[in-house]
Amino acid sequence: MSVYEKISGFADEISQDFDQQLKTVTDLGMKYICIRSAEHKGIADYTPEEVRTVLLPKLQAAGVGVSSLGTAIGKVEVDDEEGFAKQLEQLETLCETAKLLDCSFIRMFSFLIPKDADADSYTDVVLDKLRQFIRIAEKHDVVLLHENEKGIYGDTGARCKLLFDRLACPHFKAAFDFANFVQCEDTAECWELLHDQIAYIHIKDALPGCLLNVPAGTGLGKIPELLRRAFCEEGYHGFLTLEPHLAMFDFFAPGAKGGESQKLQFENNPIVEKMKSEMAEPGRPKDGAEAYATQYHALVEILNPILN
């Protein structure tokens, strides 16, 4: 399978309509998606039976595979024991869903750390809880992909490396997210620390101070140089998953996940207002489908001189 055929993406940035997700990716010639949500429902909220009867037939008809499940496992407060217990149950179900979809990877996180707290003081707690997640993944022969993200324990390259060194498990690997590292430190330095643990790559680029992202290769993520290193020097052969965040897509829309309170929170949220302001900037994609296509073509332009 060629590198181009292993381009995937968080298809809910196109639309919450699953048929529209599949039409857009197949029109681009893509063979894979990452399922995070569909029909205003997160993948963790689908039962395996719903996946088998609702999502899988549409995937098969479109000839589209699933590269990973984009879950929020581990995106819970580090001291929220009730939330953690619920996620242990969710992960069991998600592993069954992954097997149904012939998918080996589940995206997850390493717990939200209280604001202004010393993240390093939570190291032992985080490791213990991650080991419990890993035991479930091992049982189902699924690989948990740890995504670096600002505000979680593993938001810096050093703490991500600590997790991989201490856990040292083939069922726990890195999903390298360029844009998320831009918010914390230099992406090239993080790549140097983590490259031997990277099993999955998110194509997302960013500039400091912007809530919406920018097309791949135009931010500070150093995507072209690091992809060249990955393919030409290190033999990377995994997925490249588009996560554009170039436009406000349906998943963030009023009531997208249900509930009037969410709509009110959306309408009075200063962060959302800033995103709307950025959306009005010249040259911004007008909707999720256009943003997705923009990111796809930006990635192909980066790959062409590397691979040809």
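Predicted, not measured: the structure shown is a model, and the values here were computed from it. (Residues numbered from 1 in each chain as written. Predicted model: local features only at pLDDT ≥ 70, side-chain atom pairs only at ≥ 80, totals over all residues. Heavy atoms only, no water.)

### Description of the nonpolar core
In this structure, Phe 133, Phe 172 and Leu 227 are the most contacted members of the largest nonpolar core, which totals 82 residues. In terms of residue count, the dominant contributor to this core is helix H11 (residues 288-307) (9 residues). Not counting chain neighbours up to four residues away, the residues in contact with Leu 227 comprise Phe 178, Ile 201, Ile 203, Leu 240, Leu 299, Ile 302, Leu 303 and Ile 306. Grouped together as the second largest cluster of nonpolar side chains are 9 residues, Tyr 32, Leu 145, Ala 175 and Phe 239 included. (Core = buried A, V, L, I, M, F, W, Y, C linked by side-chain atoms within 4.5 Å. Buried < 20%, exposed > 50% of the residue type's maximum accessible area, 1.4 Å probe, protein only. Helix = DSSP H or I, 4+ residues; strand = E, 2+ residues; numbered from the N terminus. Contact = heavy atoms within 4.5 Å.)

### Some details on the packing of helix H2 (residues 48-62) against helix H3 (residues 81-100)
At a minimum axis distance of 9 Å, the contact between H2 and H3 shows a crossing angle of 35 degrees. Handedness of the crossing formed by H2 with H3: right-handed. Residues Pro 48, Val 51, Arg 52 and Leu 56 of H2 lie in contact with H3, whose contacting residues are Thr 93, Glu 96, Thr 97 and Leu 100. Residues that form the contact of H2 with H3 fall into these classes: 4 nonpolar, 2 polar and 2 charged. (Axes fitted to C-alpha atoms, helices over the stretch in contact; angles between N-to-C directions. Left-handed = near helix turned anticlockwise from the far one by under 90°. Nonpolar A, V, L, I, M, F, W, Y, C, P; charged D, E, K, R; others polar.)

### Remarks on the pattern of salt bridges
Between side chains of opposite charge, a pair can form as their charged atoms come close. A full pass over the atoms with the stated rule returns 22 salt bridges. A salt bridge links Asp 177 to Lys 204, with the shortest nitrogen-to-oxygen separation between them at 3.0 Å. Here Lys 204 lies in the loop between strand E9 (198-203) and helix H8 (223-233) and Asp 177 lies in strand E8 (residues 172-177), a separation of 27 residues in the sequence. Both residues of the pair, Asp 177 and Lys 204, count as buried. A salt bridge links Lys 286 to Glu 290; the nearest nitrogen and oxygen atoms lie 2.8 Å apart. (Salt bridge = Lys/Arg side-chain N within 4 Å of Asp/Glu carboxyl O.)

### Considerations on the pairing of E8
Burial analysis of E8 places 5 of its 6 residues in the buried class, the great majority of the element. Where strand E7 (residues 143-147) meets E8, 4 bridges bridge the pair, whose relative direction is parallel. Residue pairing for E8: Glu 147 is matched across the bridge by Ala 175. Between the parallel pair E7 and E8, the chain is carried across by helix H5 (residues 157-167), and the sense of this crossover is right-handed. Note: E8 against E9, 4 bridges, orientation parallel. (Pairing = 2+ DSSP bridges. Right-handed = clockwise from strand over helix to strand, strands pointing away.)

### What to know about the side chain of Gln 21
Among the secondary structure elements, Gln 21 is positioned in helix H1 (residues 18-27). Residue class for Gln 21 comes out buried when judged on its relative accessible area of 1%. A distance of 2.8 Å separates a polar atom in the side chain of Gln 21 from the backbone oxygen of Ser 15. (Polar contact = N/O pair within 3.5 Å; in protein donor to acceptor, adjacent residues only side chain to side chain.)

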